[in-house]
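Structural overview for review
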Number of protein chains: 2
Amino acid sequence: MKERVGFVGLGIMGRPMALNLLRAGHGLAVHARRAEMMSPLVEAGAAACGSPAEVAAQADIVFTMVSDTPDVEQVILGDGGLVGTIRAGSVVVDMSTISPSATRAMADRLREHGVEMLDAPVSGGERGAIDGTLSIMAGGAVETFERVRPLFEAMGRNIIHIGGNGAGQVAKACNQVVIAQTLVGVGEAFILARASGVDPARVRAALLGGFAGSRVLEVHGQRMLDDDYTPGFKTALHQKDMRIAVQAAHELGIALPGAAQAAQYINALVGRGLGELDSAAVFRLQEELSGQGHGEG
Amino acid sequence: MKERVGFVGLGIMGRPMALNLLRAGHGLAVHARRAEMMSPLVEAGAAACGSPAEVAAQADIVFTMVSDTPDVEQVILGDGGLVGTIRAGSVVVDMSTISPSATRAMADRLREHGVEMLDAPVSGGERGAIDGTLSIMAGGAVETFERVRPLFEAMGRNIIHIGGNGAGQVAKACNQVVIAQTLVGVGEAFILARASGVDPARVRAALLGGFAGSRVLEVHGQRMLDDDYTPGFKTALHQKDMRIAVQAAHELGIALPGAAQAAQYINALVGRGLGELDSAAVFRLQEELSGQGHGEG
């Protein structure tokens, strides 16, 4: 039996992901808060819906891809939300990056309606969404994951079941924590090199082959050297994700001092009005702090 | 004309490096403070010398591989040091990891004697030294680097000229700064995962393919998961290298807050008597800090 599929949230990430589902041959009911966001999907064959509830009435598996925790709560539990019409046996798959604990709470609420939830945040950015090469980190029951997997395969490549509800969000938070700190580390290395009169490009080349090697050194390091922060991944989104990680640490009673410190750079970058730059632009702040700045971006 | 080669410092790193030079067909005059350290080299055909000066009297290119800045200063400039007998046109190649500024000062002193100096610290550890697969980051005149390159090729694989005198040490300091902060970042990700009831091994697997991927996540991350800190690279040496980086920041008037914070973990680990473990053992401290400890190592 072919699953009927719905998609709520058609922004920079959601639109290309939904288009990839359509292209893979899945009929699609879609909803976006701004009706004009639905046009490209409708042109490609999707059915426009006036609310998440209307989507849920037509679908067995509903994806959500919105901005932040309150947005997901609104789409699932709010006025006109999925929960109003969704049938037992359906699945809600939230691909937004939001709070792990809020995710578990929503999964519990949906379970009361006989509905399974997966959290399945992604990495790979707009490029990965367009190309269908996203990494997908999923949490929830493994049989639900297997049921949804063929749909994930239309959107991503590296598709991993991490654990129970919320585990995908935890993995995504871990991902952002590692990237933020690696960015700071690579930036400091370049500051040290330049202050010493050494070409940071040569340092990058020397370090790439060894234990200091990373995708951040390779990709974001090059952005730093070029002073070109075309995203990539916007600082404003990285800020939201670090807030989720630091908030999780607060809830769990664990210390993440490195993540907290890296988050401060990201906060300051957004405060400077640079939230639309790739978050590798933390290097701009590191440069200013050490007298290597070259004017505001 | 075949260069006559000398080697001072035959410890865990120096001995296999010197052996690789011998095996490559280079005659070798060697010296170590403890005479018994010379035996394996002498058995392999090297000439034992009673002092660095005696080595310099028999060699055109003298390598030094000792522990720290004062040791290199002693070998080059101290009583019985290289500078006493070394001839104009010779080269001193220091492969220890020491202060960039002290390196530049020694290069200036040697230049007064018509002697060129290269700094050429390595990464890759004992394994790389034995296998002849070290990464070598060199500073000094490029023509001197080219003169020494055939000898480097007996000891290493990824051999890069970074810049002028001291630039190799700067690159090495950058290397250690990046590794230390990536260790802390990966450790925090695992702490967050485990506190959330999520298997850190699955998080590692999910993150390895994406932008959070690094050699540290791959190699040191596995050490953390296995709680097996067989070095690898000893914490006591990483502590020395972070001291060099933080001291360089002090001298240069630049801020490296992430490196300074990471150095505190490494200090605390040495203070616990765990300096012989691989420095991925910072994870032990992170575990304790967040109530995930499992007894002292």
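The model shown is predicted, which means the values in this text are computed figures rather than measured ones. (Residues numbered from 1 in each chain as written. Chains lettered and ligands numbered in written order. Predicted model: local features only at pLDDT ≥ 70, side-chain atom pairs only at ≥ 80, totals over all residues. Heavy atoms only, no water.)

**Digging into helix H5 (residues 100–112) of chain A**
All names here are of chain A.
- The end-to-end C-alpha distance of H5, which contains 13 residues, comes to 19 Å, matching closely the 18 Å that a straight helix rising 1.5 Å per residue would cover.
- What H5 keeps buried is the set Pro100, Ala102, Thr103, Met106, Ala107 and Leu110. All buried residues of H5 lie within an arc of 155 degrees about the axis, which places them on one face of the element.
- In the core, the buried residues of H5 are packed alongside helix H4 (69–77), strand E5 (91–94), strand E6 (116–119), helix H8 (167–195) and helix H11 (235–252).
- Once H5 finishes, glycine 114 follows within two positions and takes phi at roughly 75 degrees, a positive value. (Helix = DSSP H or I, 4+ residues; strand = E, 2+ residues; numbered from the N terminus. Expected span 1.5 Å × (residues − 1). Buried < 20%, exposed > 50% of the residue type's maximum accessible area, 1.4 Å probe, protein only. Arc of directions from axis to C-beta. Contact = heavy atoms within 4.5 Å.)

**Focus: the nonpolar core**
- Core analysis: the biggest nonpolar cluster contains 94 residues, and Ile162 and Leu207 of chain A together with Ile162 and Leu207 of chain B have the highest contact counts within it.
- Setting aside its immediate chain neighbours within four residues, leucine 207 of chain B contacts Met137, Ala171, Cys174, Asn175 and Val178 of chain A together with Ala212, Gly213 and Leu217 of chain B. (Core = buried A, V, L, I, M, F, W, Y, C linked by side-chain atoms within 4.5 Å.)

**Quick word on the pairing of strand E8 (residues 134–139) of chain B**
All names here are of chain B.
- Of all 6 residues that make up E8, 6 are buried, and the element is covered over most of its length.
- Here E8 shows two buried faces, one formed by Leu134, Ile136 and Ala138 and the other by Ser135, Met137 and Gly139.
- Judged from the 2 bridges that link them, strand E7 (residues 122–123) and E8 form a sheet pairing that is antiparallel. Bridge pairing in E8 links valine 122 to isoleucine 136.
- Relative to strand E9 (residues 156–163), E8 runs parallel, the two sharing 6 bridges. Each bridged residue has a counterpart across the sheet, and for isoleucine 136 the counterpart in E9 is isoleucine 159.
- Crossover handedness for the path E8 to helix H7 (residues 142–155) to E9: right-handed. (Pairing = 2+ DSSP bridges. Right-handed = clockwise from strand over helix to strand, strands pointing away.)

**Description of the relation of the copies chain B and chain A**
- Here chain B sits on chain A after a turn of 180 degrees about the axis and a move of 0.0 Å along it, with an RMSD of 0.0 Å. Expressed as a symmetry operation, the mapping of one chain copy onto the other fits a two-fold axis. Rotation axis and chain B: the residue whose C-alpha lies nearest the axis is serine 214 of chain B, separated from it by 2.0 Å.
- Interface residue correspondence from chain B to chain A reaches 100%, placing this contact among same-surface, isologous pairings. (Least-squares fit on C-alpha atoms with pLDDT ≥ 70 in both.)

**Thoughts on the interface of chain B and chain A**
- Chain B puts 55 residues into the contact, and the matching count from chain A is 55 residues.
- For the pair chain B and chain A, the interface holds 0 salt bridges.
- Here chain B is connected to chain A by 12 residue pairs in polar contact (both at pLDDT 80 or more).
- Among the secondary structure elements, those contributing two or more residues to the side of chain B that touches chain A are E9, helix H8 (167–195), helix H9 (200–208), helix H10 (215–226), helix H11 (235–252) and helix H12 (257–271) of chain B.
- For the side of chain B that touches chain A, a count of residues per class yields 36 nonpolar, 15 polar and 4 charged. (Salt bridge = Lys/Arg side-chain N within 4 Å of Asp/Glu carboxyl O. Polar contact = N/O pair within 3.5 Å; in protein donor to acceptor, adjacent residues only side chain to side chain. Nonpolar A, V, L, I, M, F, W, Y, C, P; charged D, E, K, R; others polar.)

**Describing the UniProt feature "domain: 3-hydroxyisobutyrate dehydrogenase-like NAD-binding" (unreviewed entry) in chain A**
- Those places that UniProt annotates as "domain: 3-hydroxyisobutyrate dehydrogenase-like NAD-binding" (unreviewed entry) correspond, in this numbering, to residues 166–285 of chain A.
- Annotated as 72% helix and 0% strand, the span residues 166–285 of chain A places its first and last C-alpha atoms 33 Å apart. (UniProt positions renumbered as here; feature names shortened; annotations may be inferred.)

**Topic: the domain arrangement of chain A**
All names here are of chain A.
- What the domain assignment lists for chain A is domain 1 (5–164) and domain 2 (170–289).
- Of note, the centres of domain 1 and domain 2, computed from C-alpha atoms alone, are 29 Å apart.
- Each side of the interface is counted separately: domain 1 has 14 residues, and domain 2 has 10 residues.
- For the pair domain 1 and domain 2, the summed buried surface comes to about 980 Å²; carbon and sulfur atoms form 59% of the total.
- Ranking the residues of domain 1 by area buried against domain 2 places Thr97, Pro100 and Met137 at the top, with a combined share of 42%.
- Summed over the shared surface of domain 1 and domain 2, the number is 1 salt bridge.
- Summed over the shared surface of domain 1 and domain 2, the result is 6 residue pairs in polar contact (both at pLDDT 80 or more).
- Breaking the side of domain 1 that touches domain 2 down by element, the ones donating at least two residues are H5 and strand E7 (122–123).
- A total of 3 residues in the side of domain 1 that touches domain 2 trace back to one element, the largest contributor, which is H5. (Domains from an automatic or database assignment. Buried area = accessible area lost by both parts, 1.4 Å probe.)

**Looking at the packing of aromatic side chains**
All names here are of chain A.
- Applying the stated criterion to the full structure yields 8 aromatic pairs over all chains.
- Centroid distance phenylalanine 145 to phenylalanine 152: 6.0 Å. Interplanar angle 40 degrees. Geometry classified as tilted. For the pair formed by phenylalanine 145 and phenylalanine 152, the shared burial category is buried.
- Ring-pair connections join several aromatic residues into one group, and the members of that group are Phe7, Phe63, Phe145 and Phe152. (Phe/Tyr/Trp six-rings, centres within 6.5 Å; stacked < 30°, edge-to-face > 60°.)

**Considering the pairing of E5 of chain A**
Residues and elements named next belong to chain A.
- Here E5 shows two buried faces, one formed by Val91 and Val93 and the other by Val92 and Asp94.
- Sheet analysis places strand E4 (residues 61–64) next to E5, joined by 4 bridges and oriented parallel. Counted as the bridge partner of isoleucine 61 is valine 91 from E5.
- Where the polypeptide runs from E4 across H4 and back to E5, its parallel neighbour, the crossover connection is right-handed.

**Remarks on the environment of glycine 139 of chain A**
- Mapped onto the elements, glycine 139 of chain A comes out in strand E8 (residues 134–139).
- A sequence separation of 45 residues divides glycine 139 of chain A from valine 184 of chain A, and the C-alpha atoms of the two residues are 29 Å apart.

**A short note on the packing of H8 of chain A against H11 of chain A**
Residue and element names in this part refer to chain A.
- The geometry of H8 relative to H11 is characterised by a closest axis approach of 9 Å and an angle of 115 degrees between their N-to-C directions. Note that H8 runs across H11; the crossing there is left-handed. Residues Lys172, Ala173, Gln176, Val177, Ile179, Ala180 and Leu183 of H8 form the contact with H11, whose own contacting residues are His238, Asp241, Met242 and Ala245.
- Among the residues forming the contact of H8 with H11, the class breakdown is 7 nonpolar, 2 polar and 2 charged. (Axes fitted to C-alpha atoms, helices over the stretch in contact; angles between N-to-C directions. Left-handed = near helix turned anticlockwise from the far one by under 90°.)

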